[in-house]
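Here's the letter readout for the chains.
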Amino acid sequence: MRPIKELIWHCTATPEGREVSVATIRQWHKERGWSDIGYHKVVHLDGTVEDGRPEATVGAHTSGHNTGTIGYVYVGGCDAKMNPKDTRTDAQKKAMLALTRQAIAKYGLKKVSGHNQYAAKACPSFDVRKDPIGNLV
Ligand SMILES: [Zn+2]
């Protein structure tokens, strides 16, 4: 297994309340010329979690920060007008907390962060550092 020291959270940048399948995200990313979906796990509106790219494989989610990290995404992150918004459902928040805890236990992560800490982007539309998921390590 490759060493993984950090989990970076993302949003799909899709409108509040709209579900997005792993198959759809995979298709978007393949259209960009990538080999597979760029994220390792996808958290749906109802809190169910689906696997994306295998965690043993380096992801494609944060430019310059894919080596040594894993990238998880929640479905949502925009309002109806496509402005950034923290649209996480209670079920998503719960699932994200559980997934973050699992990853910390499994890989001994040293850091949990958000895409917006590495790029001038809103993604994941909230500040991980001020969220419970950012305060577990
Ligand atoms: Zn992102």
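Residues numbered from 1 in each chain as written. Predicted model: local features only at pLDDT ≥ 70, side-chain atom pairs only at ≥ 80, totals over all residues. Heavy atoms only, no water.

A.B. asks: Hey, could you run me through the overall build of the protein in this one?
C.D. replies: Across its full length, the protein carries 2 helices and 7 strands. Along the first, second and third principal axes, the C-alpha set of the protein runs to 40 × 35 × 30 Å. Burial analysis of the protein (137 residues in total) assigns 50% to the buried set. Looking at the protein alone, contacts between residues at least 24 apart form 63% of all its contacts between residues at least 6 apart. Charge-centre separation for the protein: the mean point of 20 positive side chains lies 6 Å from the mean point of 14 negative side chains. (Helix = DSSP H or I, 4+ residues; strand = E, 2+ residues; numbered from the N terminus. Buried < 20%, exposed > 50% of the residue type's maximum accessible area, 1.4 Å probe, protein only. Contact = heavy atoms within 4.5 Å. Lys, Arg positive; Asp, Glu negative; His and termini not counted. Charge placed at Lys NZ, Arg CZ, Asp CG, Glu CD.)

A.B. asks: Please clarify how the coordination of the zinc ion should be interpreted in this entry.
C.D. replies: Looking at the zinc ion, one finds its protein donor set to be His10 (ND1), His115 (ND1) and Cys123 (SG), positioned 2.0 to 2.3 Å from the metal centre. If you list the donors of the zinc ion from N- to C-terminus, the spacing comes out as H-x104-H-x7-C. Note that histidine 10 is positioned in strand β1 (residues 6–11) and cysteine 123 in the segment after β7 (111–114), a separation of 113 residues in sequence. In terms of burial, histidine 10 and cysteine 123 fall into one category: buried. (Donors = N, O, S within 2.8 Å, 3.2 Å for Na, K, Ca; no water.)

A.B. asks: Quick question: what am I supposed to make of the nonpolar core here?
C.D. replies: Side chains of a nonpolar character, in soluble globular proteins, are inclined to be buried together. Counting residues in each nonpolar core, the largest one holds 20 residues, and the members touching the most others are Leu7, Trp9 and Leu109. Per-element accounting of this core gives the leading share, 6 residues, to helix α2 (residues 90–107). With residues near it in sequence (within four places) discarded, leucine 109 still touches Ile4, Lys5, Glu6, Leu7, Ala103, Ile104 and Val137. (Core = buried A, V, L, I, M, F, W, Y, C linked by side-chain atoms within 4.5 Å.)

A.B. asks: How should I be thinking about α2 in this particular structure?
C.D. replies: Because each turn of an α-helix spans 3.6 residues, side chains separated by three or four positions in sequence point in the same direction. For α2, with 18 residues, the first-to-last C-alpha span of 26 Å sits near the 26 Å given by 1.5 Å per residue. Phi turns positive, to about 65 degrees, at glycine 108, one or two residues after α2. (Expected span 1.5 Å × (residues − 1).)

A.B. asks: Help me understand the UniProt feature "domain: Peptidoglycan recognition protein family" (unreviewed entry) in the protein, please; the structure alone is not making it clear to me.
C.D. replies: In the numbering used here, UniProt assigns the feature "domain: Peptidoglycan recognition protein family" (unreviewed entry) to residues 1–119. Each end of residues 1–119 is marked by a C-alpha atom, and these two atoms are 27 Å apart; helix forms 24% of the span and strand 22%. (UniProt positions renumbered as here; feature names shortened; annotations may be inferred.)

A.B. asks: Explain the UniProt feature "domain: N-acetylmuramoyl-L-alanine amidase" (unreviewed entry) in the protein to me, please; I cannot follow it from the model alone.
C.D. replies: When the UniProt feature table is mapped onto this chain numbering, "domain: N-acetylmuramoyl-L-alanine amidase" (unreviewed entry) sits at residues 1–133. With 21% helix and 20% strand, the stretch residues 1–133 has end C-alpha atoms that lie 24 Å from each other.

A.B. asks: Help me understand the packing of aromatic side chains, please; the structure alone is not making it clear to me.
C.D. replies: The description of an aromatic ring pair uses the distance of the two centres, along with the angle that the planes make with each other. This model, assessed by the stated rule, comprises 2 aromatic pairs. Judged by centre distance (5.4 Å) and plane angle (80 degrees), the ring pair of tryptophan 9 and tyrosine 72 falls under edge-to-face. With tryptophan 9 in strand β1 and tyrosine 72 in strand β5 (residues 69–74), this pair connects stretches of sequence that are 63 residues apart. With relative accessibility at 0%, the residue tryptophan 9 sits in the buried group. Between the NZ or CZ atom of arginine 88 and the centre of the ring of phenylalanine 126, over which it lies, the distance is 3.6 Å. (Phe/Tyr/Trp six-rings, centres within 6.5 Å; stacked < 30°, edge-to-face > 60°. Lys NZ or Arg CZ within 6 Å of the ring centre and 35° of its normal.)

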